[in-house]
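Overview (structure and organization)
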Amino acid sequence: STNTLSSGEKFTQIDENDKISSADESQVIGQTDNQEIISADGNGTFAELESEIRSGYNSHITLGRDYEYEGSGYSKGISITESITIDGKGHTIDAKGKVNIFDIRAENVIIKNITFINSKGTSDNAAIHWSNAQGSVSDCIFINNVATLGGAIFGEHSDCNISGCVFTRNSASFGGAIHWASGQCDISDCIFKENAVHAAGGASASAGGALFLVRGC
């Protein structure tokens, strides 16, 4: 197995007919066959999702619908500042190519069973930005997310376990899918496909001064 892909991989935009595909889709809990990855009408907004998250601090919440960016605010995504478990049950959060999605600055944050699409990070923010935090990401899907450091996930001064996730067509200057600057990142049983890097580091993952462990990918 390998933990990096070539830096010449093609980056492709998502269209309405795009669907999740991988040799081992069964790794992703909560996803149904032929699930569309583009958000539909009637979904929740970032403001509504933020309200649900704040109401669920120090406990567990389960998402019951998809969410999409409403077009204003959240320049660095939705801030998570207290312990929480968020179970997406296979639902999608769509940033519409405008902002990143989660800015995590708390201990014991657990993210699982969510599809993150169309995030566009400002500065060093990815779809998920971990800073001075600790937690895990499991059984999630990341598609078409763009940033400077780690298109899908960027971490600094943080420890995180990333397991059972699928990373497809994410792009960044450093670490196409994941970049970890400091702390420890343990990646296991993940799938990386068609991620792109524009400056340095692997198209799938890269590390700055962090302890970077990759197993089964």
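It should be emphasised that the depicted structure is a prediction, and the values quoted were computed from it without experimental measurement.

**Let's talk about the overall build of the protein**
Along the backbone of the protein there are one helix and 23 strands. In the protein, which comprises 217 residues, the share counted as buried stands at 54%. Carbon and sulfur atoms form 45% of the exposed surface of the protein, whose accessible area is close to 8,800 Å².

**Things to note about the pattern of salt bridges**
Across all of its chains, the model carries seven salt bridges by this definition. For Lys96, the salt bridge identified is with Asp94, shortest N-O distance 3.6 Å. For Asp94, a relative accessible area of 1% puts it in the buried group. Because the salt bridges share partners, they merge into one network encompassing Glu48, Glu52 and Arg65.

**Some thoughts on the sheet that holds strand S16 (residues 166-168)**
The strand order across the open sheet formed by seven strands is S1-S3-S6-S9-S12-S16-S20, and the pairing between neighbours is parallel. The open sheet has two edge strands with one neighbour each: strand S1 (44-45) and strand S20 (191-193). As paired strands, strand S6 (residues 92-94) and strand S9 (residues 115-117) are joined by three bridges and run parallel to one another. Within S9, the position partnered with Asp94 by the bridge is Ile117.

**Side note on the nonpolar core**
Counting 44 residues, the largest nonpolar core has Phe102, Val137, Phe142, Ile153, Ile162 and Phe167 as its most contacted members. Looking at which element gives the most residues to this core, the answer is helix H1 (residues 46-55), with three residues. Excluding residues within four positions of it along the chain, Ile153 makes contact with Ala126, Ile128, Trp130, Val137, Phe142, Ile162, Phe167, Ala177, Ile178, His179 and Trp180. Ile117, Ile141, Ile143 and Val166 belong to the second-largest nonpolar core, a separate cluster that totals five residues.

**Some details on the pairing of strand S10 (residues 128-131)**
Judged by which residues are buried, S10 turns out to be covered on both faces: Ile128 and Trp130 on one side and His129 and Ser131 on the other are all buried. As paired elements, S10 and strand S14 (residues 153-156) share four bridges and run parallel to each other. Within S14, the position partnered with Trp130 by the bridge is Gly155.

**Description of the environment of Val146**
Relative to the helices and strands, Val146 is located in strand S13 (residues 146-149). Note: C-alpha distance between Val146 and Ala126 (20 residues apart in sequence) is 6.9 Å.

**Focus: the packing of aromatic side chains**
Enumeration over the complete set of coordinates arrives at six aromatic pairs. Considering the side-chain rings of Phe46 and Tyr74, the 6.0 Å spacing of their centres and the 70° angle between planes classify their relative orientation as edge-to-face. Note that Phe46 is positioned in helix H1 and Tyr74 in the loop between strand S3 (67-68) and strand S4 (78-80), a separation of 28 residues in sequence. You can call Phe46 buried: its relative accessible area is 0%. With a centroid separation of 5.7 Å and 80° between ring planes, the pair formed by Phe102 and Phe116 is classed as edge-to-face. Separated by 14 residues along the polypeptide, Phe102 in strand S7 (residues 102-104) and Phe116 in strand S9 bring together distant segments of the chain. By relative accessible area, which is 0% here, Phe102 ends up buried.

The rules behind each value
- Residues numbered from 1 in each chain as written.
- Predicted model: local features only at pLDDT ≥ 70, side-chain atom pairs only at ≥ 80, totals over all residues.
- Heavy atoms only, no water.
- Helix = DSSP H or I, 4+ residues; strand = E, 2+ residues; numbered from the N terminus.
- Buried < 20%, exposed > 50% of the residue type's maximum accessible area, 1.4 Å probe, protein only.
- Areas by Shrake-Rupley, 256 points an atom, 1.4 Å probe, with all protein chains shown as cover.
- Salt bridge = Lys/Arg side-chain N within 4 Å of Asp/Glu carboxyl O.
- Pairing = 2+ DSSP bridges.
- Core = buried A, V, L, I, M, F, W, Y, C linked by side-chain atoms within 4.5 Å.
- Contact = heavy atoms within 4.5 Å.
- Phe/Tyr/Trp six-rings, centres within 6.5 Å; stacked < 30°, edge-to-face > 60°.

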